[in-house]
Amino acid sequence: MNKAILLGHVGADPQEYTFANGAKIASFSLATSRRYKDGSGNIVEQTSWHKVKFTGEQADKIMRIVKKSACVQVDGSIRYDTFTNKEGVEVHTTSIQGETIRIIAFPKRETAEGAKEEKEATEEE
C-alpha cells in the first residue's frame, strides 16, 4: 500500500500547468514539521518540504481554494518520477500525488473579498 497523509502549511500559491491534451495539474509546496529532543535535551524543530500535485477536476478546486500559508491536510500517495532535463541529465523527483485535501485553517485575509472566498471554499468541501 502506498498512502501518505500530510498536515502542514502551503508555501506559495499553487501553480497550474495545462498540457496539449487539456489535462491539468495544480502543484504547490507543503511544509511539515516535527519536533524532537536532541542528545543534549534541546528541542529541535525540523521542517521538510513536499511537492504536492493534484490532477483533473481536483486541480481546478486547488486553484480556487488553496492559498499560501493555509494549513491543509493532504491524503495521497508518494510518487517517484525520472526524466531527462535539457542538458541530457537524468533527474529523479519525489512528489505527493494528492487524492483529497482538507482545509484546516485559511490564511488571514485583510479584505472582504478574501473572507467571501474562504466562505465559498468551505461550503464546497
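Just so we're clear, the structure is a prediction, and the values are computed from it rather than from any experiment.

Here we look at the overall build of the chain
Within the chain, the regular secondary structure consists of two helices and six strands. Counting the 125 residues in the chain, one finds 30% classified as buried. Looking at the chain alone, contacts between residues at least 24 apart form 57% of all its contacts between residues at least 6 apart. A total accessible area of about 8500 Å² is found for the chain, and carbon and sulfur atoms account for 49% of it.

Here's the deal with the pattern of salt bridges
If you walk through the whole model with that rule in mind, you get four salt bridges. For glutamate 99, the salt bridge is made with lysine 3, and the minimal N-O distance between the two is 3.9 Å. Within this pair, whereas glutamate 99 is found in strand 6 (residues 90–105), its partner lysine 3 is found in the segment before strand 1 (4–10), the two being separated by 96 residues in sequence. The exposure class assigned to glutamate 99 is partly exposed, which follows from its relative accessible area of 42%. For lysine 3, a relative accessible area of 43% puts it in the partly exposed group. Among the ionic pairs, aspartate 81 bridges to arginine 79, the shortest N-O distance being 3.1 Å. A relative accessible area of 23% places aspartate 81 in the partly exposed class. The class for arginine 79 is partly exposed, based on a relative accessible area of 40%.

Overview of the packing of aromatic side chains
The tally for this structure, following the rule as stated, stands at one aromatic pair. With a centroid separation of 6.4 Å and 10° between ring planes, the pair formed by phenylalanine 28 and phenylalanine 54 is classed as stacked. In this pair, phenylalanine 28 is assigned in strand 3 (residues 24–37) and phenylalanine 54 in strand 4 (residues 43–55), connecting sequence segments 26 residues apart.

Focus: unusual backbone geometry
In this model, serine 69 sits at a positive phi of 80°, which is unusual for a non-glycine residue. Counting through the fold element by element, serine 69 comes out in the loop between helix 1 (56–65) and strand 5 (71–84).

Overview of the nonpolar core
Among the nonpolar cores identified, the biggest contains 18 residues, and Phe28, Leu30, Val72, Val74 and Ile101 are the most heavily contacted of them. Elements represented by at least two residues in this core include exactly strand 1, strand 3, strand 4, helix 1, strand 5 and strand 6.

How each quantity is defined
- Residues numbered from 1 in each chain as written.
- Predicted model: local features only at pLDDT ≥ 70, side-chain atom pairs only at ≥ 80, totals over all residues.
- Heavy atoms only, no water.
- Helix = DSSP H or I, 4+ residues; strand = E, 2+ residues; numbered from the N terminus.
- Buried < 20%, exposed > 50% of the residue type's maximum accessible area, 1.4 Å probe, protein only.
- Contact = heavy atoms within 4.5 Å.
- Areas by Shrake-Rupley, 256 points an atom, 1.4 Å probe, with all protein chains shown as cover.
- Salt bridge = Lys/Arg side-chain N within 4 Å of Asp/Glu carboxyl O.
- Phe/Tyr/Trp six-rings, centres within 6.5 Å; stacked < 30°, edge-to-face > 60°.
- Core = buried A, V, L, I, M, F, W, Y, C linked by side-chain atoms within 4.5 Å.

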